[in-house]
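# Architecture and fold: a report
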Amino acid sequence: MTKYIALLRGINVGGHKKFTKAQQLEVLSSLGYENTNVYLHTGNWIFKTSENKEKITQTISEAIQIKFGWELPILVLTPLEIERILQNCPFSEEKKVKSYFVILSEKPSDRLLKEVSSIQYPNEEIIIIDNCIYFYASKGYGRTKFNMDTFEKKLNVKATSRNYRTMTKLLELSTTL
């Protein structure tokens, strides 16, 4: 059995796609996964299974589609992958703890990376390394011009974002399973 962290995008945000923590735990348990946990209510699932990532993504997607009728981007990572994303953060420790990590479903092509790397906004730093957009906004995330949907479309990938605190908590919780 392997530990995994599934990140669901777009639930319980702005009053859309309401999916309580209890419902999330119920879906997780119904799938036969072990040592299940849900952190917060925004789609951070921790569990063990012998399935591979592709099968997990398919299984979770189908369960949510059947129960709610939603299609959601779901990214499945191992704790080691989360740890590497945090370790590869190019920002200083001071900026890192205030950063967001936009995790991409795959590493974009070099051609698309080159095109997108020219997008810059005042008071915001955007650095793409492998399958993560490292994002720091000196004036806070709520006041940014950064738009994840734009990057997702331009890089031709699915994505979801988490802040530093959530990433570190997911890593911590995954070690207690």
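Numbers given for residues are sequential positions, taken from 1 along each chain in its written order. In view of the model being predicted, local features appear only for residues whose pLDDT reaches at least 70, and side-chain atom pairs are presented and counted only at 80 or more, with totals across whole chains, interfaces and linings using the full set of residues. The basis for the side-chain values is all heavy atoms of the structure; hydrogens and waters are excluded.

## Considerations on the pattern of salt bridges
Counted only if it meets this: When a carboxyl oxygen of Asp or Glu lies within 4 Å of a side-chain nitrogen of Lys or Arg, that pair is called a salt bridge. Only runs of H or I of at least four residues qualify as helices and only runs of E of at least two qualify as strands under DSSP, and these elements are numbered from the N terminus. With a 1.4 Å probe rolled over the protein chains alone, any residue whose accessible area is under 20% of its type maximum counts as buried; one over 50% counts as exposed, and the rest are partly exposed.
The final tally for this structure, using the stated rule, is 8 salt bridges. Where Lys 67 meets Glu 26, a salt bridge forms, and the shortest distance between an N and an O atom there is 3.3 Å. Within this pair, whereas Lys 67 is found in helix H2 (residues 53-68), its partner Glu 26 is found in helix H1 (residues 21-30), the two being separated by 41 residues in sequence. Glu 26 sits in the partly exposed class, given a relative accessible area of 47%. The partner of Lys 95 in a salt bridge is Glu 125, and the shortest N-O contact between them spans 2.4 Å. Highlighted residues: Lys 95 in helix H4 (residues 93-96) and Glu 125 in strand E6 (residues 124-129), separated in sequence by 30 residues. Judged by relative accessible area, which is 26%, Lys 95 ranks as partly exposed. Residues joined by salt bridges that share partners form a network here, namely Arg 9, Asp 149 and Glu 152.

## What to know about the layout of surface pockets
Using a probe with the size of a water molecule, rolled over the atoms, empty space left in the structure can be pinpointed. This is how it is decided: A pocket, in this scheme, is an open set of points on a 1 Å grid over the protein atoms alone with protein on both sides within 12 Å along at least 5 of 7 lines, while a cavity is a set where a 1.4 Å probe fits but cannot get out; residues line either one if an atom lies within 4 Å of a point. Grid points are joined across faces, edges and corners, and a volume is the space filled by probe spheres set on the points. Side-chain classes are defined by residue name, with Ala, Val, Leu, Ile, Met, Phe, Trp, Tyr, Cys and Pro counting as nonpolar, Asp, Glu, Lys and Arg as charged, and the others, Gly among them, as polar.
Of the pockets and cavities examined, the largest pocket occupies roughly 400 Å³. If you go around the largest pocket, you meet 16 residues; those closest to its centre are Val 13, Thr 42, Thr 160, Ser 161 and Arg 162. In terms of residue count, strand E8 (residues 159-163) provides more of the lining of the largest pocket than any other element does, 4 residues in total. Of the residues contributing to the lining of the largest pocket, the split by class is 7 nonpolar, 7 polar and 2 charged.

## Brief notes about the nonpolar core
Convention followed: Definition of nonpolar core: a set of buried residues of the types Ala, Val, Leu, Ile, Met, Phe, Trp, Tyr and Cys, connected through side-chain atoms within 4.5 Å. In this description, contact between two residues means that some pair of their heavy atoms is separated by no more than 4.5 Å.
Counting residues in each nonpolar core, the largest one holds 21 residues, and the members touching the most others are Ile 82, Ile 85, Leu 86, Phe 101, Ile 103, Tyr 134 and Met 167. Counting residues per element, the ones that place at least two in this core are strand E1 (2-8), strand E4 (74-77), helix H3 (79-87), strand E5 (100-104), strand E7 (132-137) and helix H7 (164-175). Ranked by the residues each element gives to this core, the list is headed by H7, at 5 residues. Tyr 134 has contacts with Arg 84, Ile 85, Asn 88, Cys 89, Pro 90, Phe 91, Tyr 100, Phe 101, Glu 125, Ile 126, Ile 127 and Ile 129, leaving out every residue within four places of it along the chain.

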